[in-house]
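Residue-level structure breakdown
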Amino acid sequence: MRYISTRGTAPVLGFSEAMMTGLARDGGLYVPEAVPVLSHAEIAAMAGLPYEDVAFRVMRPFVGEAFDDDTFRGLIGLAYAGFGHAARAPLVQLGPNHFLLELFHGPTLAFKDFAMQLIGRLMQAALAQSGERITIVGATSGDTGSAAIEAFRGLPNVDVVILFPHGRVSDVQRRQMTTPVEPNVHALAVEGDFDDCQARLKDMFNDFAFRDEVRLAGVNSINWARVLAQVVYYFSAATALGAPHRPVDFTVPTGNFGDIFAGSIARAMGLPIGRLVIATNQNDILHRALTTGAYVMQGVHPSISPSMDIQVSSNFERALFYAYDRDAGAVAQLMAELRSGGFAISQGALQALRGLYASGRASEAETAATIARALAQSGELLCPHSAVGVKVAEEHVGAHPMVTLATAHPAKFPDAVQAATGLRPALPARMADLFDRPERVTRVPNDLAALQALVRERIAR
Ligand SMILES: *Cc1c(COP(=O)(O)O)cnc(C)c1O
């Protein structure tokens, strides 16, 4: 399987190289040259299988020659062994025809663990083959950073540097990043918002001299391997609810568009997904873009669902690539316009996007009210991100089963949940001492040169 850039001028790469590279050298994102299609019978055979078996069947065609079958199976097994639920991604029912897919049973209590735990193993295996040393730099609105640190801490040949927006992540999220003791973990509190962190990260990747000097590797959702790992639970959930014999709808709390883009790949592979609904909080650039055709930045307004407080939604570039019929030149042009504030989506591309995705938004008050109502009606305690999804999903429940992705555990956002319900969700026993561990963090200005100097200094240990 070969991977091409959405901007058309970066080298074509195999799976391992695309995974280690992250952002393409032309600034674009890697996508598979062709999406493999599974047969009706192959999809039907997934119903009821262990999660790891579904994962192998879904991801195998994308991995190509990078890993042999036994190695790949083994790494999948290790990736999910540490999850706190035997089903890995269990479904619970919220109401008539409406289900919740719990993606928060991994080690850091958010769906990011599904991809990160696997990528950690895959990268380690690839590095063991090549003997290389790499520096992973990630930007996070809270959950990617903790998941990446959990996946890479203590590994030989890897430093993991995480940029998070100072003061804008929850205490649990921050502590998951600042309390690991391993010397290869570097948590940096950037004086800015998440978009600043992501912009500085892209600046580092676009400085080729620096990129090569420190052997930069990326684990943000711009990394194709992360998207791929997230395709799996669409298959496990949909086949449990009757696919491929009947279609299933999904609603996805969305920020950087990685998770929902994985859903569109599942659909392209032949999984009968009816509606794929983008749910945004008050930072609703994606909902506005689909409604009006104008993708225009407006500034981030911090919310109770901070992992979705984003306005430059990186993976949307992948959706645009397909909506523009794989016209890399058109995508490069749009991304250049975005640097000066925004762009208009062409009529044809807008029609294509509306054919693939529906959308909705939840205000802060609606999010809090949904947390309270779900608890009263079904006994489910939702995190604020999942509540954004549930609220938008309720506007779209139709004839097919609707699955809302529950992207984080409520205990990761205890203040918002307590404000909405009066209940303070407890951390699972395995991380109950999180607030007793000492923190280690470095505060840095939102400045490329300062960040690069710090990365050089840290990896010279
Ligand atoms: C990352 C995250 C999201 C947004 O996912 P994207 O793939 O960036 O769209 C939603 N909820 C939670 C809890 C997250 O950590």
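Above this text sits the structure in question.
Residues numbered from 1 in each chain as written. Predicted model: local features only at pLDDT ≥ 70, side-chain atom pairs only at ≥ 80, totals over all residues. Heavy atoms only, no water.

1. What about the packing of aromatic side chains?
Test applied: In this scheme Phe, Tyr and Trp rings, the latter by its six-membered ring, pair at centre separations within 6.5 Å, and the angle between planes marks the pair as stacked below 30 degrees, edge-to-face above 60, and tilted otherwise. Under the DSSP-based scheme used, a helix requires at least four consecutive residues in state H or I and a strand at least two consecutive residues in state E, with every element numbered from the N terminus. Only protein chains enter the accessibility calculation, which uses a 1.4 Å probe; a residue whose area is less than 20% of its type maximum is buried, one above 50% is exposed, and one in between is partly exposed.
Summed over all chains, the structure comprises 19 aromatic pairs. Taking 5.8 Å as the distance between ring centres and 45° as the angle between the ring planes, the aromatic pair formed by F62 and W224 counts as tilted. Taken together, the residues F62 in helix α3 (residues 51–63) and W224 in helix α10 (residues 224–240) connect sequence positions 162 residues apart. Like W224, F62 is buried.

2. Some remarks on the site of the ligand
Put simply, the test is: Nearness is defined per residue: one heavy atom within 4 Å of the molecule or strand is enough. Each polar contact in these results corresponds to two N or O atoms within 3.5 Å; when the atoms are within protein, one needs to be able to donate a hydrogen and the other to accept it, and residues that are neighboring in sequence are counted only if both atoms are side-chain atoms. All accessibility values rest on the Shrake-Rupley procedure with a 1.4 Å probe; residue burial counts only the protein chains present in the view. For this scheme, ten residues count as nonpolar: Ala, Val, Leu, Ile, Met, Phe, Trp, Tyr, Cys and Pro. Four count as charged, namely Asp, Glu, Lys and Arg, and the remainder, Gly too, count as polar.
Surveying the vicinity of the ligand reveals 15 residues, the closest of which are K112, D143, G255, N256 and T407. The side chain of D143 places a nitrogen or oxygen atom 2.4 Å from an oxygen atom of the ligand. A distance of 2.8 Å separates a nitrogen atom of the ligand from a polar side-chain atom of T407. Here the ligand, which alone exposes 380 Å², has 97% of that area covered by the protein. The residue inventory of the shell around the ligand, partitioned by class, reads five nonpolar, seven polar and three charged.

3. Things to note about the sheet that holds strand β7 (residues 185–190)
Put simply, the rule reads: Strands are treated as partners if at least two bridges between them are detected by DSSP. In this analysis an axis means a line fitted to C-alpha atoms, helices contributing only their contacting stretch, and an angle means the value between N-to-C directions, from 0 to 180 degrees. Working rule for contacts: check all heavy atoms of both residues, and any pair within 4.5 Å makes them a contact.
As summarised here, the arrangement of the five strands in space is β8-β5-β6-β7-β15, forming an open sheet in which the pairing is parallel. In the strand order of this sheet, the two ends are held by β8 (216–218) and β15 (442–444), each with one partner. Strand-to-strand twist of the sheet, defined as the mean angle between neighbouring strand axes without regard to direction, takes the value 30°. Direction of pairing for strand β5 (residues 134–139) relative to strand β6 (residues 158–165): parallel, over a ladder of six bridges. Its bridge partner being in β6, G138 is matched across the sheet by I162. In the packing of helix α6 (residues 143–152) onto the sheet, the strands contacted are β5, β6 and β7, and the crossing angle to β6 comes to about 165°.

4. What to know about the sheet that holds strand β9 (residues 248–253)
Taken in spatial order, the six strands of this open sheet run β3-β4-β14-β9-β10-β13, and their pairing is mixed. At either end of the open sheet lies a strand with only one pairing partner, and these are β3 (91–95) and β13 (358–361). Between one strand axis and the next, the sheet turns by 25° as a mean value, whatever way the strands run. Across the sheet, helix α11 (residues 258–268) touches β9, β10 (273–280) and β14 (402–406), and the angle it forms with β10 is around 170°. Contacts from helix α17 (residues 384–394) reach β3, β4 (98–102), β9, β10, β13 and β14 within the one sheet, and its direction differs from that of β14 by about 165°.

5. Description of unusual backbone geometry
Each neighbour pair has its own omega, and for A243 with P244 the value is 5°, a cis peptide bond. Within the element layout of this structure, P244 appears in the loop between α10 and β9. One non-glycine residue, R215, adopts positive backbone phi at about 50°. Of note, R215 is situated in the loop between α9 (208–213) and β8. Residue classification places R215 among the partly exposed residues on the basis of a relative accessible area of 41%. The backbone phi angle of F257 is positive, close to 75°, even though this residue is not glycine. Examined against the element boundaries, F257 turns out to sit in the loop between β9 and α11.

6. Re the pattern of salt bridges
Note that side chains of opposite charge can pair when their charged atoms are close. Where we set the bar: When a carboxyl oxygen of Asp or Glu is within 4 Å of a side-chain nitrogen of Lys or Arg, the pair counts as a salt bridge.
Considering all chains together, one arrives at 23 salt bridges under this definition. Put simply, E52 and R88 hold a salt bridge, and the shortest N to O gap is 2.8 Å. Placement of the pair is E52 in helix α3 and R88 in the loop between α4 (69–81) and β3, with a sequence separation of 36 residues. Just as E52 is buried, R88 falls in that class too. Linking R424 and D415 is a salt bridge whose minimum nitrogen-to-oxygen distance equals 3.0 Å. Here the salt bridges do not stand alone but share partners, grouping D171, R174, R175 and E439 into one network.

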